[in-house]
Structure formats: structure tokens, C-alpha cells
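# Geometric and topological summary
Okay, here's what each chain looks like letter by letter:
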Amino acid sequence: MQNILITGGAGYIGSHICIKLQENGFQPVVFDNLSNGHRDAISPNIPFVQADISDDAALNRVFEEFKPAAVIHMAALIEAGASMVEPARFYKVNTAGSLNLFEAMRRNDCRHIVFSSTAAVYGNTDVDLLDETMQVQAENPYGRSKAMVETMLADYASIYGFHAVALRYFNAAGADPMGRTGERHDPETHLIPLVLQTAAGQRDHIKIFGADYDTPDGTCIRDYIHVDDLADAHVKALGYVTSSDEPAFEIANIGTGQGCSVKEIIELCKEVTALDFNVVQDARRPGDPARLVANPAKANELFGWQPKYPSPRKIIEHAWNFYQANIQRS
Ligand code: UFG
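Overview of the structure. (Residues numbered from 1 in each chain as written. Predicted model: local features only at pLDDT ≥ 70, side-chain atom pairs only at ≥ 80, totals over all residues. Heavy atoms only, no water.)

## Description of the sheet that holds strand 11 (residues 248–254)
- Strand order in the open sheet formed by 7 strands is 3-2-1-4-5-6-11, with parallel pairing between adjacent strands. Each having just a single partner strand, strand 3 (48–50) and strand 11 make up the two edges of the open sheet. Ignoring which end each strand starts from, the neighbouring axes of this sheet average 20° apart.
- Bridging between strand 1 (residues 3–7) and strand 4 (residues 70–73) involves 4 bridges; their strand directions are parallel. Across the sheet, residue Ile6 finds its bridge partner in strand 4, namely Ile72. (Pairing = 2+ DSSP bridges. Helix = DSSP H or I, 4+ residues; strand = E, 2+ residues; numbered from the N terminus. Axes fitted to C-alpha atoms, helices over the stretch in contact; angles between N-to-C directions.)

Here you go:
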């Protein structure tokens, strides 16, 4: 069985990827500093190393002990809003941290990697569907910190022989359809879990960050991708990167191709939960592009991926089931 090193594997998306890797005959090895992840989000039978990607000695030890066939690199700071306040942390953790990991891979002769990139690299554009050939122009340091890593990977592929894929995630949401894991950020900043917490009465109201965007209802449009589909994309991308030792670097969007506004998400949450709650209109959140919707064709062409749960309603249903079953956990 091949070992796959997964940095940030105890996080929201990482814990879903661990399940999919095991279901597909891989052995995940999780490397996570638990700054945002949860030890109990992953099965106790998965090897777990609590360490930071800036720690060379810990990285060397994990490569020597487990000899991973490939790396899935997810460890990162993820809040675009926070990056507008503290950009240095994002460049340090996301950009310099990735460089450190890639150097550890090089030292240990591991050259296959799937990297978690983001739709935030696109920034504000006037196209309906974003595709990977477009010039990147991130609106915030978070997006720029990830775009820089993509640039590094292109060089590591052409000069050091890496075989790499960067997956540009759109808005990950939902929970494992069987309820084994789900979203538990602390503090929570993402729209769908915040709306569900409001529906459950844990929050007094949900704020809409800006209703004056140039969109049909004035609120931001995002492409919500089910976390189970996102996890599946990693397993398929892993198959692609490990299928050859030839140097290569590819970028693929992971989204559904369908946009949903903030107001539409709130309405759907009201329908799914059958609960009503307070909605308050607030100012725009700095760094938020008006619309981010994927053209997901390339992921299908490159490694045969397509979403199984493209409907935002299903995403919200699974998120709500997980929330209700785990309401006391944090
Ligand atoms: N929003 C609100 N009220 C809230 C929270 C969010 O109106 O209380 C709005 C935001 O302004 C945005 C939308 O809901 O328009 C989605 O916001 P999220 O914070 O849920 O997600 P983001 O789009 O900011 O970012 C997420 C991930 C990033 C990723 C990006 C890709 O956090 O890591 O999706 O689209 F890069």
C-alpha cells in the first residue's frame, strides 16, 4: 500500500481526503500542527505527526520513516478576509511554508505532489466562467500567497523534475454524506456554517457582506463545491501525478460551474432547515471578488473528475446533518 503524506490532513477538507484515500487503497500519513485541525477528525489508525511545515527536522523524519509516494499539500491559512489584515502571516505560512516542504521533498527524492490552490487567485474579472488559462490577479494576499506557490511549482517541475497538480478550489462546503466528518472551524468565518449556526439559534443573525455588487441580487456569487467531491478530485489528481515520472505541472479548477449568491444560500438554508432567522445587511468585506465560478472542464479532461453533488441544496443538507449530530463539538 502506498503512503501519501498529507499536510494539513486534520483539517476540514483534509479529514475528508483521508477517508477517500483509505477507501481507494492508499495509506494517508497526516502531518498537521493542529493550529486549525482536530486530532479526532481523523481515524486513530492513520499515522499522525503533530508538527509544522516550517520544521525541517520533522519533515525529514516523516519522509525517512514513511517514504511517501506523493504529497497532498493542504497546510495553510485560508481566510481571505484575515489576509487583508495580517498579510505577513499568509506569506510566511502559505508561501514560505510551501517552499520549505518542496525543499524537504527534493532532499528526500519525492517529486509527486497535489497542491491545494484556490479560486481566490483569479480576483475580480468580468467573465462568467473562470478557466485556468486566465491571467491571475488575486484581490487579496491570501490569493497572492497561493499564486506564488503555483509559480514555484512550475519552476520545481521544469527545473527539478516535479510532477505536480495545483487544484484551484472554489468554495468547499458540506460534510461527509455518511456523517463521519464535517466542518468545524474555530472561529467560523464561512458562509454556510455561519448561516446554519444562525438557523440553530447559536447566533443572533447572519450578516450579508455587501448587497451592492454588480450581480443580479447585489450579493456575491460563489461556486459551492461539495467537500466529498473535492476529496474525490484529490484522489483522481493523485492518480494522475503518480502515473508518470515525467516532469509536469498542471492547474485544474475544482468547482461545479454553477454560481449561487449569498442571498440564495441563505434562502436555501431556510428551506433545508425549515427554520427562520434574522438576516442583516452589512458593508462589503474587503478583498471579496463579486463573482467566482469555475469552468471545471479541465479536471475532467486531465483526470476524469466531475462532481457527484453539484446541487447547493445537497451540500447544505449534508452540512446541516453533520451540524445537528455534532452541535456540541468544537
Ligand atoms: N459572507 C457573508 N457573510 C458572512 C460570511 C460570508 O455575506 O458572515 C459572504 C462573503 O462575503 C462571500 C461569501 O459569503 O461573498 C462566501 O464567503 P466565505 O467566507 O464562505 O468564503 P470565501 O469566498 O471568502 O472564501 C472561500 C475560502 C477560500 C477560497 C475561496 C474560493 O475560504 O479559502 O472560498 O472561492 F479561496
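## Examining the packing of helix 8 (residues 262–273) against helix 10 (residues 312–325)
- It is at 10 Å that the axes of helix 8 and helix 10 come closest, and there the two elements cross at 55°. On the basis of their axis angle, the class for helix 8 and helix 10 is oblique. Crossing geometry of helix 8 relative to helix 10 is assigned as right-handed. Across the interface between the two elements, Ile265, Leu268, Cys269, Glu271, Val272 and Thr273 of helix 8 pack against Pro312, Arg313, Ile316, Glu317 and Trp320 of helix 10.
- When the residues that make up the contact of helix 8 with helix 10 are grouped by side-chain class, the tally is 7 nonpolar, 1 polar and 3 charged. (Parallel < 35°, antiparallel > 145°, perpendicular 65-115°, else oblique. Left-handed = near helix turned anticlockwise from the far one by under 90°. Contact = heavy atoms within 4.5 Å. Nonpolar A, V, L, I, M, F, W, Y, C, P; charged D, E, K, R; others polar.)

## Thoughts on the packing of aromatic side chains
- Here the structure, examined in full by the defined rule, presents 8 aromatic pairs.
- Relative to Phe162, the ring of Tyr156 lies with its centre 5.2 Å away and its plane at 75°, an arrangement referred to as edge-to-face.
- A relative accessible area of 8% places Tyr156 in the buried class.
- Taking relative accessible area as the criterion, Phe162 reaches 0% and is therefore assigned buried.
- Here a set of aromatic residues connected by ring pairs shows up, and it is made of Phe102, Tyr156, Tyr160 and Phe162.
- The positively charged end of Lys270 is found above the aromatic ring belonging to Phe277, 5.1 Å away from the centroid.
- A cation over an aromatic ring shows up here: Arg284 above the ring of Tyr213, its NZ or CZ 4.0 Å from the ring centre. (Phe/Tyr/Trp six-rings, centres within 6.5 Å; stacked < 30°, edge-to-face > 60°. Buried < 20%, exposed > 50% of the residue type's maximum accessible area, 1.4 Å probe, protein only. Lys NZ or Arg CZ within 6 Å of the ring centre and 35° of its normal.)

## Digging into the sheet that holds strand 12 (residues 260–261)
- Ordered by their spatial adjacency, 3 strands build an open sheet running 12-9-14, and the pairing between neighbours is mixed. Each of the sheet's edge strands pairs with one partner strand only, and the pair in question is strand 12 and strand 14 (291–292).
- Of the strand pairs in this sheet, strand 9 (residues 221–222) and strand 14 are connected by 2 bridges, and their pairing is parallel. Each residue of the ladder has a partner; that of Ile221, found in strand 14, is Arg291.

## Considering the site of the ligand
- Near the ligand you find 23 residues, and of these Thr118, Asn171, Lys207, Arg285 and Asp288 are the closest.
- Within the contact set of the ligand, an oxygen atom lies 2.8 Å away from a backbone nitrogen or oxygen of Leu191.
- Between the ligand and the protein, one listed contact pairs a nitrogen atom with a backbone N or O atom of Lys207 at 2.7 Å.
- Mapped onto the shell around the ligand, the elements with two or more residues apiece are helix 6 (191–199) and strand 8 (205–209).
- It is strand 8 that provides the largest number of residues to the shell around the ligand, a total of 4 residues.
- Split into classes, the residues belonging to the shell around the ligand amount to 15 nonpolar, 4 polar and 4 charged. (Near = heavy atom within 4 Å. Polar contact = N/O pair within 3.5 Å; in protein donor to acceptor, adjacent residues only side chain to side chain.)

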